[in-house]
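# Examining the three-dimensional arrangement
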Amino acid sequence: MTTLFDPIQLGDMLLPNRIAMAPLTRNRSPGAIPNDLNVTYYVQRATAGLLISEGTAITQQGQGYAQVPGLYKPEALAGWRKVTDAVHEAGGHIAVQLWHVGRVSHTSLQPGGAAPVAPSAIRARSKTYVIGEDGSGAFVDTSEPRALELSEIPGIVEDYRRAARDAIDCGFDAVEIHGANGYLIDQFLRSGTNHRTDAYGGSIENRVRFALEVVEAVAKEIGGNRTGIRISPVTPANDASDPDPQPLFNHLVEQFAAFDLAFIHVIEGATGGDRDFRQGDRPFDWAGLKAAYRGKGGKAVWMTNNAYDRASAMAAVASGYADMVSFGREYIANPDLVRRLKENAELNTPNRATFYGGGAEGYTDYPVLA
Ligand SMILES: C=C(C(=O)O)c1ccccc1
């Protein structure tokens, strides 16, 4: 029977176990440039089968939170090279999460103080993290977005392609396209945020178009074997909504099957919350989603997330439903999570007060087992 601690092939990599560190925004990279503290943080967690970095902005337009890292400055690529080299030196494997936030941003973070962009000019009932005049961080309401012109969309697809190339060139083993949690790609997918009347709006086929163009561009540039994508079919995060997610996401993953992707990362339920959260009038069929993908010949690693504990993660892998399980908050507080799960040891409790912003406290100072 397969366990969490068995190796798994992901793309060209043989990972030592089936435990992934989920992408975790920590707001500790001023100027969008990874620093030595970030190096320490990722190296501490390098026993994970796969580290998936925090959301990393593909451009300044794609940046929605202060002090998150990017891939759009030479200094940032140099900073990431330090992270990837150190993780590899420690025997780890690391993917970067390619992130464009779309409307979940603030004018103070946008080029020239411009409005954030989105499929449609619909403001998110959500907040984002900015640095105030006094230098302290705070969550503030997101700004009113403007609708992207049709002519702008190819340029954003190109931004994902270039960021993916730069990511591989600065040492990442793979990329995860952030298609979840109400950010730009998810804004195109969901009818609550996409009111377009052109080829990118209306029907399911039209609303998945942008996601598929990004996946195609990235997979062509770096190889499907180095490309993953994260989706969150029913999450309400960042005011995302769609009244009938099952046909939408079944169709989306069926299209993914053509790209020989390395992994598909699925947030089950409300992000960081209720696994049984539903949008629409029926519970989401998670096994059905995977069957839709496999039914079209999709072979990517199926990585599941959200509120798993040791027992449920072990059961999900043993049953053959999940190939890998990712953990978020547990990895904030337990750098040696793999060992703790293997030994069924007690877990440190994360301190929510230090999740976002700050320095070493609550970031690199959690204890490991003796
Ligand atoms: C990147 C994030 C996501 O995927 O939701 C994020 C951003 C800010 C706070 C928490 C999470």
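Residues numbered from 1 in each chain as written. Predicted model: local features only at pLDDT ≥ 70, side-chain atom pairs only at ≥ 80, totals over all residues. Heavy atoms only, no water.

### Concerning the overall build of the chain
This is how the line gets drawn: Helix and strand assignments come from DSSP, with helices taken as H or I runs of at least 4 residues and strands as E runs of at least 2, each series counted from the N terminus. Here the radius of gyration uses the C-alpha set of atoms, whereas the globule reference equals 2.2 Å times the residue count to the power 0.38. Contacts are assigned to residue pairs with any non-hydrogen atoms lying within 4.5 Å of each other. Residue-level accessible areas treat just the shown protein chains as cover; the underlying method is Shrake-Rupley with a 1.4 Å probe.
When helices and strands are tallied, the chain shows eleven helices and 14 strands. Taken against the 2.2 N^0.38 rule, which gives 21 Å for 370 residues, the C-alpha radius of gyration of the chain at 19 Å falls within 12% of a compact globule. For the chain, the proportion of contacts with a sequence separation of at least 24, taken over those separated by at least 6, is 74%. Split by element, the accessible area of the chain, about 13600 Å² in all, is 51% carbon and sulfur.

### Describing the pairing of strand 10 (residues 174–178)
The cut-off we apply is this: Burial classification: accessible surface area is computed with a 1.4 Å probe over protein chains only, and a residue below 20% of its type maximum counts as buried, one above 50% as exposed, and the rest as partly exposed. Here, strands pair whenever DSSP counts at least two bridges between them.
Of all the five residues making up strand 10, five are buried; the element is thus mostly covered by neighbouring parts of the structure. Burial along strand 10 is two-sided: the residues Ala-174, Glu-176 and His-178 and Val-175 and Ile-177 are all buried. With four bridges joining them, strand 5 (residues 94–99) and strand 10 adopt parallel strand pairing. Within strand 10, the residue paired with Val-96 across the bridge is Val-175. Two elements, strand 10 and strand 11 (residues 227–231), share four bridges in a ladder whose sense is parallel. Paired with Ile-177 across the two strands is Ile-229, which belongs to strand 11.

### Some remarks on the packing of helix 6 (residues 209–222) against helix 7 (residues 245–256)
Applied cut-off: To obtain an axis, a line is fitted to C-alpha atoms, over the contacting stretch when the element is a helix, and the angle between two such axes runs from 0 to 180 degrees between their N-to-C directions. In what follows, roughly perpendicular refers to angles from 65 to 115 degrees, roughly parallel to angles under 35, roughly antiparallel to angles over 145, and oblique to any angle outside these ranges. Should the near helix be turned counterclockwise from the far one by less than a right angle, the crossing is left-handed, whereas a clockwise turn marks it as right-handed. Residues were grouped as follows: Ala, Val, Leu, Ile, Met, Phe, Trp, Tyr, Cys and Pro as nonpolar; Asp, Glu, Lys and Arg as charged; and all remaining residues, including Gly, as polar.
Running from N to C, helix 6 and helix 7 point in directions that differ by 20°, and their axes come no closer than 11 Å. Judged on the interaxial angle alone, helix 7 and helix 6 are roughly parallel. Where helix 6 crosses over helix 7, the two elements pack in a sense that is right-handed. Residue-level contacts link Ala-211, Leu-212 and Val-215 of helix 6 to Leu-252, Gln-255 and Phe-256 of helix 7. For the contact of helix 6 with helix 7, a count of residues per class yields five nonpolar, one polar and no charged.

### Description of the pairing of strand 4 (residues 50–57)
Under the convention used in this document: Handedness is read with the strands pointing away from the viewer; a crossover is right-handed when the path from the first strand over the helix to the second is clockwise.
Of all eight residues making up strand 4, eight are buried, and the element is well covered by its neighbours. Note: strand 3 (residues 19–21) against strand 4, two bridges, orientation parallel. By the bridge assignment for strand 4, Met-21 is matched with Leu-51. Pairing of strand 4 with strand 5, which is carried by five bridges, proceeds in the parallel orientation. By the bridge assignment, Leu-51 is partnered in strand 5 with Ile-94. Assessed by its sense of winding, the connection that carries the chain from strand 4 through helix 2 (residues 74–89) to strand 5 is right-handed.

### Some words on the side chain of Thr-84
Note the cut-off: Here a polar contact is taken to be a pair of N or O atoms separated by no more than 3.5 Å, where protein atoms must pair a possible hydrogen donor with a possible acceptor and residues adjacent in sequence count only if both atoms sit in side chains.
Its place among the elements puts Thr-84 in helix 2. A distance of 2.8 Å separates a polar side-chain atom of Thr-84 from the backbone oxygen of Cys-170.

### Describing helix 1 (residues 36–44)
We apply this condition: This arc corresponds to the set of directions leading from the helix axis out to the C-beta atoms.
Within the sequence span of helix 1, burial applies to Asn-38, Val-39, Tyr-41 and Tyr-42. Along the axis of helix 1, the buried residues cluster in a sector spanning 165°; they form a single face. Those residues of helix 1 that are buried lie in contact with strand 3, strand 4, helix 2 and strand 5. Where helix 1 begins, one side-chain oxygen reaches toward the backbone nitrogen of Leu-37, 3.1 Å away; that side chain belongs to Asn-35.

Note that all results are geometric; they support no functional claim without further evidence.
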